[in-house]
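Summary of structural features
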Amino acid sequence: MGRVYNFSAGPAVLPEEVLKEAAEEMLDYKGTGMSVMEMSHRSKAFQTIIETAEQDLRDLLHIPDNYKVLFLQGGASLQFAMIPMNLMKHKKADYIITGQWAKKAYQEAKKYGEAKAIASSEDKTYSYIPDCSDLPIDEDADYVYICENNTIYGTKFKTLPNTKGKTLVADVSSCFLSEPMDVTKYGVIYGGVQKNIGPAGVAIAIIREDLITEEVLPGTPTMLKYKIHADNDSLYNTPPCYGIYICGKVFQWLKNMGGLEVMRERNEKKAKLLYDFLDESELFRGTVEKKDRSLMNVPFVTGNEELDAKFVKEAKEAGLENLKGHRTVGGMRASIYNAMPLEGVEKLVEFMREFEKRNK
Ligand SMILES: *Cc1c(COP(=O)(O)O)cnc(C)c1O
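For the structure given in this document, a descriptive report is provided here. The model shown is predicted, which means the values in this text are computed figures rather than measured ones.

What to know about the side chain of His 41
Locating His 41 in the fold gives a position in the loop between helix 1 (16-24) and helix 2 (44-61). For His 41, a relative accessible area of 16% puts it in the buried group. In this structure the side chain of His 41 is engaged in a polar contact, spanning 3.4 Å, whose partner is the side chain of Arg 42. Apart from residues lying up to four places away in sequence, His 41 is in contact with Phe 46, Gln 47, Leu 235, Asn 237, Thr 238, Pro 239 and Cys 241.

Below you can see the structure in the form of structure tokens.
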């Protein structure tokens, strides 16, 4: 039994080279005589692992010195609360609702202050990104919040919203390191790593230093203060050591691949192959506005639920796994993250073509 092409939205495919290296180092990490899972987070070996991981991430994204990199736990979902708790100094924030994840973040923020939905694409089941060039942004808003790539619906912000000078906060869980980004345009960039970087259990937040202060909402638990993690270099308590180690390996893999410019080219090529086929197909069609299409998550349907189910089943038999759409939207979704090789997408398109011939 070999490996399958895994189109899961998350946890998702990881580079095979990384998994092999981790396997080789499983019992004895670089002569320490123990696994990374077994070592103290205060050890010299782990210190090197976390410092190298941070530096490689900084290199990949060209993160300026006035931004902190934090390795956190609680997934992206805990950030839905940490962001308002740490950033809502005036208790006001504006949210752009482009899918379930943005909506959840918005609903969580409402617990802590006046969160306002200033734009939404819910009217058309989140199949597009609303025009964000001139939104009614509150004068006192502490930040403007977006989910940059909408994992479930398959849309992505191609231009960032005009925040009218307010701090931009972005959930990039499903597009993290898929292409270069200008970190200076954001106050906070964060994501769970289990989509495009590493194993579940780590969330990474990149935060401009002036936003990290003692001034947080009353009652904020110590563990939910950005400052405590920043002051302790993500080692206030035991971090998710093994997950950070794998993330570090993925950062090195990305550097070896040539960095994020090269990843963008690769990702564009993979996505184009699939979208071009969807546009010419008489059976399958994409479900979102072309201009807003994600490079990472590609939802599609046949228009017939039974046929969709048949497709997912037969694809699995052909070694193409996890193509079922999100449970709330149905249809299919192919997540084609960094670690999905071009060959996997070629195989998928080939299978779709053949399925179409048999089922017309
Ligand atoms: C998966 C996902 C989340 C939730 O992540 P958890 O780590 O499970 O909390 C949030 N936002 C986006 C964009 C996601 O894709």
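Additional details are given in the paragraphs that follow.
Quick word on the site of the ligand
Taken together, the residues surrounding the ligand are Gly 75, Ala 76, Ser 77, Phe 80, Trp 101, Cys 147, Asn 149, Thr 151, Asp 171, Ser 173, Gln 194 and Lys 195. The side chain of Asp 171 places a nitrogen or oxygen atom 2.6 Å from a nitrogen atom of the ligand. The separation between an oxygen atom of the ligand and a polar side-chain atom of Lys 195 is 2.6 Å. Taking 390 Å² as the accessible area of the ligand by itself, protein coverage stands at 87%. Per-class residue counts for the shell around the ligand are four nonpolar, six polar and two charged.

Thoughts on the packing of aromatic side chains
In the structure shown here, the tally under the stated rule is 15 aromatic pairs. Ring centres of Phe 300 and Phe 311 lie 6.0 Å apart, and the angle between their planes is 80 degrees; this geometry places the pair in the edge-to-face category. Separated by eleven residues along the polypeptide, Phe 300 in strand 12 (residues 297-301) and Phe 311 in helix 8 (residues 305-317) bring together distant segments of the chain. With respect to burial, Phe 300 and Phe 311 carry one shared label: buried.

Digging into the state of the cysteines
In the structure shown here, the tally under the stated rule is zero disulfides. Cys 147 takes part in no disulfide bond, and the closest cysteine sulfur, belonging to Cys 175, lies 7.7 Å away. For Cys 147, a relative accessible area of 2% translates into the label buried. The class of Cys 175 is buried, set by a relative accessible area of 7%.

Focus on the sheet that holds strand 12
A sheet is described by the order of its strands in space; here three strands give the open sequence 11-12-14, paired in antiparallel fashion. Unpaired on one side and paired on the other, strand 11 (285-286) and strand 14 (332-335) mark the two borders of the sheet. Here strand 12 pairs with strand 14 via four bridges, running antiparallel. In the sheet register, Val 298 faces strand 14, and the bridge partner there is Ala 334.

Some remarks on the nonpolar core
Counting residues in each nonpolar core, the largest one holds 89 residues, and the members touching the most others are Leu 61, Leu 177, Ile 204, Ile 206, Phe 284 and Phe 311. Take this core: its biggest share by element is ten residues, from helix 6 (residues 241-257). Beyond its immediate stretch of four places on either side in the chain, Phe 311 contacts Phe 284, Phe 300, Leu 323, Met 332, Leu 348, Phe 351, Met 352 and Phe 355. Counting 34 residues, the second-largest nonpolar core is a separate cluster that includes Leu 70, Met 85, Ile 97 and Val 169.

The rules behind these values
Residues numbered from 1 in each chain as written. Predicted model: local features only at pLDDT ≥ 70, side-chain atom pairs only at ≥ 80, totals over all residues. Heavy atoms only, no water. Helix = DSSP H or I, 4+ residues; strand = E, 2+ residues; numbered from the N terminus. Buried < 20%, exposed > 50% of the residue type's maximum accessible area, 1.4 Å probe, protein only. Polar contact = N/O pair within 3.5 Å; in protein donor to acceptor, adjacent residues only side chain to side chain. Contact = heavy atoms within 4.5 Å. Near = heavy atom within 4 Å. Areas by Shrake-Rupley, 256 points an atom, 1.4 Å probe, with all protein chains shown as cover. Nonpolar A, V, L, I, M, F, W, Y, C, P; charged D, E, K, R; others polar. Phe/Tyr/Trp six-rings, centres within 6.5 Å; stacked < 30°, edge-to-face > 60°. Disulfide = S-S within 2.5 Å. Pairing = 2+ DSSP bridges. Core = buried A, V, L, I, M, F, W, Y, C linked by side-chain atoms within 4.5 Å.

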